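In case you want the letters, here they are:
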Amino acid sequence: MEAPFSGVVLVSRGDETLLAKASGYAHIAHGVENTVDTRFAIASGTKGFTALVVVGLIAEGRLTLETTAREVLGDDLPLIDDRVTVEHLLTHTSGIGDYCDEDEDPLPTPLLATSADYLAALDGYPQKFPPGERFNYNNSAFAVLSLIAERIAGIPFAELVHARVTEPAGMTDTAFLRSDALPARTATGYLEDGRTNVFSLPVVGFGDGGIYSSAPDFRKFWPAFLDGRIVPREWVDRMLRGEHYGLGFWLPGPGVVRLEGGDHGVTFRSNHQPSSGITATLISNDHRGGGPLLKQLDEYLTKA
């Protein structure tokens, strides 16, 4: 039996709203209902923002796709192959060991809140295969990209995302929030047994996931990205080049670009079709919800 949906579905074409629906509770114990502008965790949807920060540094000549992780990390994370490049990390072809391997039994989530916490958590995972050999979805890769971006820019990663992505896009409801101290108008995630997900997530997200956002903010994000307001237009084209995955973005079919994420108490997907201008976003504080709705969102794009 499908779990009742708790979250927001928003479909728009430019300034026109085609569908806007909120259901369920942002906080069950206090009876706080979700609204269309409620903020939710988006898990791996964060990876697109990480890619944009890194590509922005590349566009400024401070990095290249060929820069190796070792050039920036120095002696840190010694098990990463010296040949692993920024491009390998962006395209999930690095082969580095993954501290959050989705194909293995999950370990308890450590208390991750700072760059130093993530650096320690990333250490000790051997290389799985030679860099460039194949695609293998990898959370560690994007956490490493965050460390690289911080060291090149000399600015904390959350500040980089704000200055280089959310601010130019006008995404006023998107930020790294503490999962144990969520502010008003922000949904708490829930597990199957009704407990919150506070012990299942990092305290503060990083480059591989954990930022909080809202469905209306993704209505702003896609035009800002595609119009070249976040990274130069020539780099937009490069980021969306690939068979199924570009640089930080999924390419699920012809003419569609996607960000998505899932975690304990988190479901997120935002599709955009540049030709029609349609953005279809589902964002939820329950990782079980949304199956039929996700299919409906995809249908909006096929009918456009």
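First, a word on scope: everything that follows refers to the structure included in this document. (Residues numbered from 1 in each chain as written. Predicted model: local features only at pLDDT ≥ 70, side-chain atom pairs only at ≥ 80, totals over all residues. Heavy atoms only, no water.)

Another aspect to go through is helix α5 (residues 139-153). Its 15 residues give α5 an end-to-end C-alpha distance of 22 Å, which sits within 8% of 21 Å, the value for a rise of 1.5 Å per residue. By the criterion of burial, α5 is predominantly enclosed, with 13 of the 15 residues buried. The N-cap of α5, judged by a side-chain oxygen 2.9 Å from the amide nitrogen of serine 140 a few residues on, is asparagine 138. Glycine 154 lies just past α5 and shows a positive phi near 70°. (Helix = DSSP H or I, 4+ residues; strand = E, 2+ residues; numbered from the N terminus. Expected span 1.5 Å × (residues − 1). Buried < 20%, exposed > 50% of the residue type's maximum accessible area, 1.4 Å probe, protein only. Polar contact = N/O pair within 3.5 Å; in protein donor to acceptor, adjacent residues only side chain to side chain.)

Strand order across the open sheet formed by six strands is β2-β1-β10-β9-β8-β7, with antiparallel pairing between neighbours. The two strands at the open ends of the sheet, each matched to only one other strand, are β2 (16-23) and β7 (250-253). Between one strand axis and the next, the sheet turns by 15° as a mean value, whatever way the strands run. Sheet analysis places β7 next to strand β8 (residues 256-263), joined by two bridges and oriented antiparallel. Looking across to β8, one finds that glycine 253 is bridged to valine 256. (Pairing = 2+ DSSP bridges. Axes fitted to C-alpha atoms, helices over the stretch in contact; angles between N-to-C directions.)

Let us now look at the pattern of salt bridges. Working definition: two side chains of opposite charge can pair if their charged atoms are close together. If you walk through the whole model with that rule in mind, you get 17 salt bridges. A salt bridge links aspartate 237 to arginine 233, with the nearest nitrogen and oxygen atoms 2.7 Å apart. In this pair, aspartate 237 and arginine 233 are both assigned in helix α8 (residues 233-239), four residues apart and thus about one turn of the helix distant. For aspartate 237, a relative accessible area of 43% corresponds to the partly exposed category. Several salt bridges converge on common partners, so that one network encompasses Asp37, Asp173 and Arg185. (Salt bridge = Lys/Arg side-chain N within 4 Å of Asp/Glu carboxyl O.)

Ranked by size, the top nonpolar core spans 72 residues in total, and within it Phe49, Phe221 and Phe225 carry the most contacts. A per-element tally of this core places α5 first, with nine residues. Setting aside its immediate chain neighbours within four residues, phenylalanine 49 contacts Ile42, Val161, Val165, Met171, Thr174, Ile211, Phe218, Phe221 and Leu259. Ranked by size, the runner-up nonpolar core spans ten residues in total, among them Val9, Val256, Ala280 and Leu297. (Core = buried A, V, L, I, M, F, W, Y, C linked by side-chain atoms within 4.5 Å. Contact = heavy atoms within 4.5 Å.)

Right, let's talk about the packing of aromatic side chains for a bit. One pass over the full model with this rule turns up 17 aromatic pairs. Judged by centre distance (5.8 Å) and plane angle (65°), the rings of phenylalanine 218 and phenylalanine 221 are edge-to-face. Of this pair, phenylalanine 218 and phenylalanine 221 both sit in helix α7 (residues 215-226), three residues apart, roughly one helical turn. Each member of the pair, phenylalanine 218 together with phenylalanine 221, is buried. Ring centres 4.7 Å apart and planes at 10° place the aromatic pair phenylalanine 225 and phenylalanine 249 in the stacked group. With phenylalanine 225 in helix α7 and phenylalanine 249 in the loop between α8 and β7, the pair connects residues that are 24 residues apart, well separated along the chain. Owing to a relative accessible area of 0%, phenylalanine 225 belongs among the buried residues under this scheme. Phenylalanine 249 sits in the buried class, given a relative accessible area of 0%. (Phe/Tyr/Trp six-rings, centres within 6.5 Å; stacked < 30°, edge-to-face > 60°.)

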